[in-house]
Amino acid sequence: MTAWESDVLPGYSQHTLTLGPDPDGEGELVATVVRRGEPDAAARHAVLMVHGFTDYFFHAELADHFAERGFAFYAIDLHKCGRSWREGQTPHFTTDLSRYDTELNRALAIVGAEAPEANVLIYGHSAGGLIVSLWLDRLRRRGLTAQHRVAGLVLNSPWLDLQGPAILRSGGTAAAMAALSRLRKRQVVRPPTEGGYGTTLHRDYGGEFDYNLKWKPIGGFPVTVGWIHAIRRGHAKLHRGLDVGVPNLILRSDKSVREVADPDTIQRGDAVLDVTQIARWAGCIGNRTTVVPITDAKHDVFLSVRESRNIAYRELDGWLDWYVQTADASMQSDRG
């Protein structure tokens, strides 16, 4: 039996996964699976949510939306992130994105044990979108997609390339980053900002949402050499083409805006990623891909201003209508 305890969010429970020593030398690793409500063994559909960088699961509104659609809802705070961060650890730091596979596989096993009849939808935001895409490609190559009942994927502004000037994406820059990563993997290449995107979200700064500012600071966490090198290796794999093995929906903003300190200036656009890069590389996810730009959406389309958020929910629902029908038909076919 999986041991659950009360979560920081009312009505939610959490289970800690022990992962053993950190290969990057920062102590013992844990990850945290979060569940909305009580387990439902009769559920026909479930969702497992994976957050991005400088992020953790807190978005109860989105969880409620999935639950209203009949999905058993689960999320995971990856190791060194949110609930899973421990003293002495560099938040979100890893030098290899594939190390997340173990905790994602274990989280998927928990969903399968508690909702054994459910098809599972994977959800990933920003860096989490890159992480789950790479993971699902590896899962498919091992022939385990159907065994774990993974049937779909939703990506919310996935991080598919490095934003900024083209020189940052050159071969010479990549080689220099690789060399520096071997020598000084925790060296900071981008310190926290003065606010920007975060100030459009949190209630203390005039936004609509409340969350733990220690786990999701307004100015973000420092970006380190070793971590960004891991991200760039992930991008390179994606650019060569993946096959996540399941139909997928990609939601993004219709435009990017320059991140500045004034929150009013960046309320209606993606202030984190270049949306043209998402559009360019979306075809590398594989299988059946649907890409929908959301007018005036922020980086997290479900944290946008209300009008854009409503559009994002409508687009999600339209795709889920098709997904549920298709997944149910496939389930019936498998049963003969």
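For the structure, check the block above.
Bear in mind that the values here come from a model prediction, so they are computed numbers and not experimental data.

Undergrad: Can you walk me through the overall build of the chain in this structure?
TA: Per the secondary structure count, the chain includes seven helices and eleven strands. In terms of its C-alpha atoms, the chain occupies a principal-axis envelope of roughly 55 × 45 × 40 Å. By the burial criterion, 56% of the 336 residues in the chain qualify as buried. In the chain, of all internal contacts separated by at least 6 residues, the share reaching a separation of at least 24 is 77%.

Undergrad: Is there a simple way to explain the sheet that holds strand E4 (residues 45-50) in this structure?
TA: The strands making up a sheet associate through hydrogen bonds between their backbones, and the pairing can be parallel or antiparallel. With mixed pairing, the nine strands of this open sheet are ordered in space as E1-E2-E3-E5-E4-E6-E7-E10-E11. The two strands at the open ends of the sheet, each matched to only one other strand, are strand E1 (5-6) and strand E11 (289-294). As judged from the nine bridges shared by strand E2 (residues 12-21) and strand E3 (residues 28-36), these two strands associate in the antiparallel manner. If you follow Leu17 over to E3, its bridge partner there is Ala31. Seen against the sheet, helix H1 (residues 60-68) touches E2, E3, E4, strand E5 (71-77) and strand E6 (119-125) and runs at an angle of roughly 150° to E5. Each of E2, E3, E4, E5, E6 and strand E7 (150-156) touches helix H2 (residues 101-114); the most contacted strand, E2, lies at about 140° to it.

Undergrad: What am I meant to see in the nonpolar core here?
TA: Nonpolar side chains tend to gather and get buried jointly when the protein is soluble and globular. Counting residues in each nonpolar core, the largest one holds 57 residues, and the members touching the most others are Ile122 and Leu153. Take this core: its biggest share by element is eight residues, from helix H3 (residues 127-141). Those residues in contact with Ile122 that sit more than four places away from it in its chain are Leu48, Leu108, Val132, Trp135, Leu136, Val150, Gly152, Leu153 and Val154. Counting 31 residues, the second-largest nonpolar core is a separate cluster that includes Tyr12, Val154, Val292 and Ala297.

Undergrad: Could you clarify how one ought to interpret the packing of H2 against H3 in this entry?
TA: Between two packed helices, the angle of one axis relative to the other and the distance separating the axes together describe the packing. Interhelical geometry of H2 versus H3 gives an angle of 75° and a closest axis separation of 11 Å. Taken together, the axes of H2 and H3 lie roughly perpendicular to each other. Where H2 approaches H3, its residues Asp101, Leu104, Asn105 and Leu108 are matched on the opposing element by Ile131, Trp135, Arg138 and Leu139. In terms of residue class, the contact of H2 with H3 is made up of five nonpolar, one polar and two charged.

Undergrad: Even after reading the chapter, I still don't get the pairing of E5, so can you show me in this structure?
TA: On a regular strand, each side chain points to the face opposite its neighbour's, so the side chains alternate between the two faces of the sheet. Judged by how many residues are buried, E5 sits mostly within the fold: seven of seven residues are covered. Covered by surrounding structure in E5 are Phe71, Phe73, Ala75 and Asp77 together with Ala72, Tyr74 and Ile76, the residues of both alternating faces. As paired strands, E3 and E5 are joined by four bridges and run antiparallel to one another. When the bridges of E5 are listed, Thr32 appears paired with Asp77.

Undergrad: Just to check I follow, could you spell out the pattern of salt bridges for this structure?
TA: Pairing is possible between side chains of opposite charge, provided their charged atoms come close. For the structure shown, the criterion picks out 24 salt bridges. Measuring nitrogen to oxygen at the nearest pair gives 2.9 Å for the salt bridge that ties Arg35 to Glu114. A residue pair is termed long-range when its members are at least 10 positions apart, and Arg35 in strand E3 and Glu114 in helix H2 qualify at 79 residues. Residue Asp77 is joined to Arg83 by a salt bridge in which the shortest nitrogen-to-oxygen separation is 2.9 Å. With respect to class, Asp77 is no different from Arg83; both count as buried. Residues joined by salt bridges that share partners form a network here, namely Asp254, Lys255, Arg268, Asp296 and Glu307.

Undergrad: How should I be thinking about the side chain of His92 in this particular structure?
TA: Assignment of secondary structure puts His92 in the loop between E5 and H2. Exposure remark for His92: the relative accessible area of 3% places this residue in the buried category. Those residues in contact with His92 that sit more than four places away from it in its chain are His51, Gly52, Phe53, Thr54, Asp55, Lys80, Cys81, Tyr100, Phe221 and Trp227.

Undergrad: Honestly, the environment of Val111 in this entry has me stumped. Any pointers?
TA: Turning to its location among the elements, Val111 is positioned in helix H2. Those residues in contact with Val111 that sit more than four places away from it in its chain are Ala46, Tyr74 and Val120.

Undergrad: I keep staring at the side chain of Ser253 and nothing clicks. Help me out?
TA: Here Ser253 is to be found in strand E10 (residues 248-253). With a relative accessible area of 0%, Ser253 lands in the buried category. Within the structure, the side chain of Ser253 is placed 3.0 Å from the backbone oxygen of Lys255, a separation counted as a polar contact. At 2.7 Å, the side chain of Ser253 and the backbone oxygen of Ala297 are in polar contact. Setting aside residues up to four positions removed in sequence, Ser253 forms contacts with Ser157, Gly269, Asp270, Val275, Pro293, Ile294, Asp296, Ala297, Lys298 and Val301.

Undergrad: Help me understand the packing of aromatic side chains, please; the structure alone is not making it clear to me.
TA: Each aromatic ring pair is characterised by the separation of its centres together with the angle its planes make. In this structure the tally under the stated criterion is 15 aromatic pairs. Every member of this aromatic cluster is reached through a ring pair, and the members are Tyr12, Phe57, Phe66, Phe71, Phe73, Tyr123, Phe302, Tyr313, Trp319, Trp322 and Tyr323. Between the NZ or CZ atom of Arg35 and the centre of the ring of Trp4, over which it lies, the distance is 4.2 Å. Stacked on the ring of Tyr211, the Lys or Arg Lys216 has its end atom at 5.6 Å from the ring centre.

Cut-offs applied
Residues numbered from 1 in each chain as written. Predicted model: local features only at pLDDT ≥ 70, side-chain atom pairs only at ≥ 80, totals over all residues. Heavy atoms only, no water. Helix = DSSP H or I, 4+ residues; strand = E, 2+ residues; numbered from the N terminus. Buried < 20%, exposed > 50% of the residue type's maximum accessible area, 1.4 Å probe, protein only. Contact = heavy atoms within 4.5 Å. Pairing = 2+ DSSP bridges. Axes fitted to C-alpha atoms, helices over the stretch in contact; angles between N-to-C directions. Core = buried A, V, L, I, M, F, W, Y, C linked by side-chain atoms within 4.5 Å. Parallel < 35°, antiparallel > 145°, perpendicular 65-115°, else oblique. Nonpolar A, V, L, I, M, F, W, Y, C, P; charged D, E, K, R; others polar. Salt bridge = Lys/Arg side-chain N within 4 Å of Asp/Glu carboxyl O. Polar contact = N/O pair within 3.5 Å; in protein donor to acceptor, adjacent residues only side chain to side chain. Phe/Tyr/Trp six-rings, centres within 6.5 Å; stacked < 30°, edge-to-face > 60°. Lys NZ or Arg CZ within 6 Å of the ring centre and 35° of its normal.

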